[in-house]
Amino acid sequence: MEHPTAHILFCDLSAGACRREPLDPELARQAPGGRALAVALLAARPRAVWDAPDAAVVLAPGALAGFDLPGVSFAALAGTNPHTGGVLTVAVPGGLGRALARLHLAAVVVSGRAAAPTALFLDVDGARLLPLGAAAGQGTSAVMASMPAHDGALVAGPAALAGSTLAGLWADGLHPVGPGGAALLLTAKNCFAVAVLAQGEGPVPADPVALAGARAAMERLVAAAPALAGPCGFGRYGTAALLDLTAGRRMLPTRHFRETVFEAAGRLSAPGLFARLSPRAAGCPGCPTPCRHVTANGTVLPDGDAWSHLTALLGLADPDLTVAAYAACRQAGLFAPGAAALLAGRAEAAGRDLAPDALLPALAALVAEGPSVSPSAMAVKGVALPAFDPRGAYGLALSLAVGTSGPDAWGGLCLGHELLRKPVATDRFSFAGKARAVFLGENAAAVAASLGGCPLYGLAVGLEEWALALSAARGEAVGAAELAGLGKRTVLVERTINARAGLGVADDDLPARFFAEPGSSGEGIVVAPLPREEFLAAQAAYYRLRGLDADGRPAAEAAALESPWPI
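This text gives an overview of the structure that appears in the document. (Residues numbered from 1 in each chain as written. Predicted model: local features only at pLDDT ≥ 70, side-chain atom pairs only at ≥ 80, totals over all residues. Heavy atoms only, no water.)

We now examine the environment of Pro176. Within the element layout of this structure, Pro176 appears in strand E11 (residues 175-177). By relative accessible area, which is 23% here, Pro176 ends up partly exposed. Once the C-alpha coordinates of Pro176 and Leu154 are considered, the two residues, 22 residues apart in sequence, prove to be 9.6 Å apart. Apart from the residues lying within four places of it in its own chain, the contact partners of Pro176 are Leu169, Trp170, Arg292, Asp303, Tyr326 and Phe335. (Helix = DSSP H or I, 4+ residues; strand = E, 2+ residues; numbered from the N terminus. Buried < 20%, exposed > 50% of the residue type's maximum accessible area, 1.4 Å probe, protein only. Contact = heavy atoms within 4.5 Å.)

Let us now look at the packing of helix H19 (residues 463-474) against helix H20 (residues 480-500). Contact geometry of H19 with H20 gives a least axis separation of 8 Å together with a crossing angle of 100°. In terms of orientation, H19 and H20 fall into the roughly perpendicular class. In this structure, H19 uses Leu463, Glu464, Trp466, Ala467 and Leu470 to contact H20, whose residues at the interface are Ala480, Leu483 and Ala484. Residue classes in the contact of H19 with H20 are distributed as seven nonpolar, no polar and one charged. (Axes fitted to C-alpha atoms, helices over the stretch in contact; angles between N-to-C directions. Parallel < 35°, antiparallel > 145°, perpendicular 65-115°, else oblique. Nonpolar A, V, L, I, M, F, W, Y, C, P; charged D, E, K, R; others polar.)

Next up on the list: the pattern of salt bridges. In total, this model carries 21 salt bridges according to the counting rule given. We note a salt bridge from Arg128 to Asp123, for which the minimum N-O separation is 3.0 Å. With a relative accessible area of 40%, Arg128 lands in the partly exposed category. A salt bridge links Arg255 to Glu259; its shortest N-O distance comes to 3.3 Å. Accessibility expressed as a relative area gives 12% for Arg255, which makes it buried. The partly exposed category is assigned to Glu259, whose relative accessible area is 24%. One network of salt bridges, in which partners are shared, links Arg255, Glu259, Glu263 and Asp353. (Salt bridge = Lys/Arg side-chain N within 4 Å of Asp/Glu carboxyl O.)

Turning to the packing of helix H16 (residues 394-402) against helix H18 (residues 434-451), a few remarks are in order. For the pair H16 and H18, the least separation of the axes is 9 Å and the interaxial angle reads 55°. Considering their axes alone, H16 and H18 lie oblique with respect to each other. Relative to H18, H16 is oriented so that their crossing is right-handed. Seen from H16, the contacting residues are Gly395, Leu398, Ser399 and Val402; seen from H18, they are Lys434, Ala435, Val438 and Glu442. Taken together, the residues of the contact of H16 with H18 break down into four nonpolar, two polar and two charged. (Left-handed = near helix turned anticlockwise from the far one by under 90°.)

Attention shifts here to the sheet that holds strand E7 (residues 118-123). Taken in spatial order, the six strands of this open sheet run E8-E7-E12-E9-E10-E11, and their pairing is mixed. In the strand order of this sheet, the two ends are held by strand E8 (126-131) and E11, each with one partner. Direction aside, the axes of adjacent strands within the sheet are offset by 20° on average. In the sheet, strand E10 (residues 169-171) pairs with E11 via three bridges, with the strands oriented antiparallel. In the sheet register, Trp170 faces E11, and the bridge partner there is Pro176. (Pairing = 2+ DSSP bridges.)

What follows deals with the nonpolar core. Ranked by internal contacts, the top residues of the largest apolar core, which has 178 residues, are Leu64, Leu510 and Tyr542. The dominant element in this core, judged by the number of residues it contributes, is helix H2 (residues 34-43), at eight residues. When neighbours within four sequence positions are excluded, Leu510 is seen to be in contact with Val380, Leu385, Pro390, Ala397, Leu400, Ala401, Phe515, Leu530 and Phe535. Residues Leu243, Ala264, Ala270 and Leu301 belong to the second largest nonpolar core, which totals 17 residues. (Core = buried A, V, L, I, M, F, W, Y, C linked by side-chain atoms within 4.5 Å.)

Strand order in this open sheet of six strands is E2-E1-E6-E3-E4-E5, and the pairing throughout is mixed. Each of the sheet's edge strands pairs with one partner strand only, and the pair in question is strand E2 (17-22) and strand E5 (87-92). Averaged over all pairs of adjacent strands, the angle between strand axes in this sheet comes to 15°, irrespective of strand direction. In this structure, strand E4 (residues 75-80) lies alongside E5, joined through six bridges in antiparallel fashion. Considered in E5, the bridge of Gly79 is made with Leu88.

Going from Gly178 to Pro179, the amide bond is cis rather than trans, its omega being 20°. Summarising the element assignment, Pro179 is placed in the loop between E11 and helix H6 (182-187). Between Lys422 and the following residue, Pro423, the backbone shows a cis peptide bond with an omega angle of 0°. The backbone of Asn190 sits at a positive phi, close to 60°, despite the residue not being glycine. Note on placement: Asn190 falls in the loop between H6 and strand E12 (191-196). In this structure, Arg255 is a non-glycine residue whose phi angle is positive, near 50°. Assignment of secondary structure puts Arg255 in the loop between helix H10 (242-248) and helix H11 (270-277).

If you walk through the whole model with that rule in mind, you get nine aromatic pairs. Plain terms: the ring middles of Tyr237 and Phe274 are 5.2 Å apart, the flat faces sit at 80° to each other, and that makes the pair edge-to-face. Taken together, the positions of Tyr237 in helix H9 (residues 234-237) and Phe274 in helix H11 put the pair 37 residues apart, joining distant regions of the chain. The residues Tyr237 and Phe274 share a single accessibility class, namely buried. Measuring from centroid to centroid gives 6.2 Å for Tyr542 and Tyr543, while their planes differ by 55°, and the two rings are tilted. (Phe/Tyr/Trp six-rings, centres within 6.5 Å; stacked < 30°, edge-to-face > 60°.)

Have a look at this one:
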């Protein structure tokens, strides 16, 4: 069959011109879409600093994003990491990926720099560059409102206009797209929004009956996953539901990671907040467990990382203030967890918690600081750590350290077996077997991101189900092992891009605090400092599994053998 998304759109914003080219069939076979295709296209280009006009930003829908599969509408965005000079790949939720796929686009490659703030708009008539004028500095809602009718949109805000490395993107006005700095990839090109209107049928699967079977299998697994569809799962309370879990496991980052238990956590439970605000659910197209929630007045409630870091990490316990702070971040285009981590570090340096009435002014000041903002001290590869203390889950600690784009709590799928005990529980205070778990988890996560899957659905949907769906779409058998190879190649290409930028073993490490200071022990749970030697041994074992040398760089032989892509 023809690849469901068979063209690449190249947009040169300096020239104001776009051209559409067929996707190479062999590349489509080896890198079918999403993250795999985005990094393959990025790796094939000459190296460039992130804000150079010739630097490319690639937006690629997952290979299955155009089909009606549960939780499968994501795109991937890839470019040069403003923090490291290596690779930055991020998942883009919402309707953008599905709309791109239904325009039969496998990727959009943006280069150059527009003369004035611009939006890129795509529909069946082609691509148009729309002048944004003053809307570019007025907040993400103003940018969204200036867009023509669309099925999916990705926008930046005033923080990106100011050049802040804390600037994130917002998808469809609902979903934060981070980490901080992700928005700079687009705004360095004077592009503050990408919006897509599909107005057409999706791609036709080669075997509709088989695809329906794959869809049914995925739906059953999602419905049977308590973390997704259970009464306290993400479909009910969003990822903010995880705060109760991290508090109970004594791994809730508190007061800039000095503690792992927050005395006021009981006031911050998602069920309590939802009972008071009665929000409605919202989410990605066709998602059976929508994880975003919006109040009657249109306020978007915080996701789990933001909810945790805007409260416990700052030593604050006012839910209403947290909702207001998140709304301010959304309008400014600040990535809330990164902004909170930076303020928590400043509070520690000052020797006192941030006063509640100082939070909103401090967030506004961060926007005004622009590019002069220094990264948080509790970061990996310049990206603030998410809302899980590494001392409370050792596999998670390793995955946060070795993530190619920075720490991603869902990147190694360790939250499943270490916290949620799915598919089976593992000892969260041990590094035994965790290098292999992270290796396999990263491969599986890269597969899902290449096919358009929601990262959270890694708790339910495995390689077997992805193989069934891709086989049905293509009309040719694809096995789980073949997909695992796709995930492995994807991470290897990202590692190669990082190595070319000079990243090595020192960049695959955690802040020293986690190896020197304990967390908050109690109630029969001992939260000791991470054992340094065991961490380094697990890191070395992970490198061996990945085919990396002792400095964390792909061996030339491994790169040549494992990657067919032009790297």
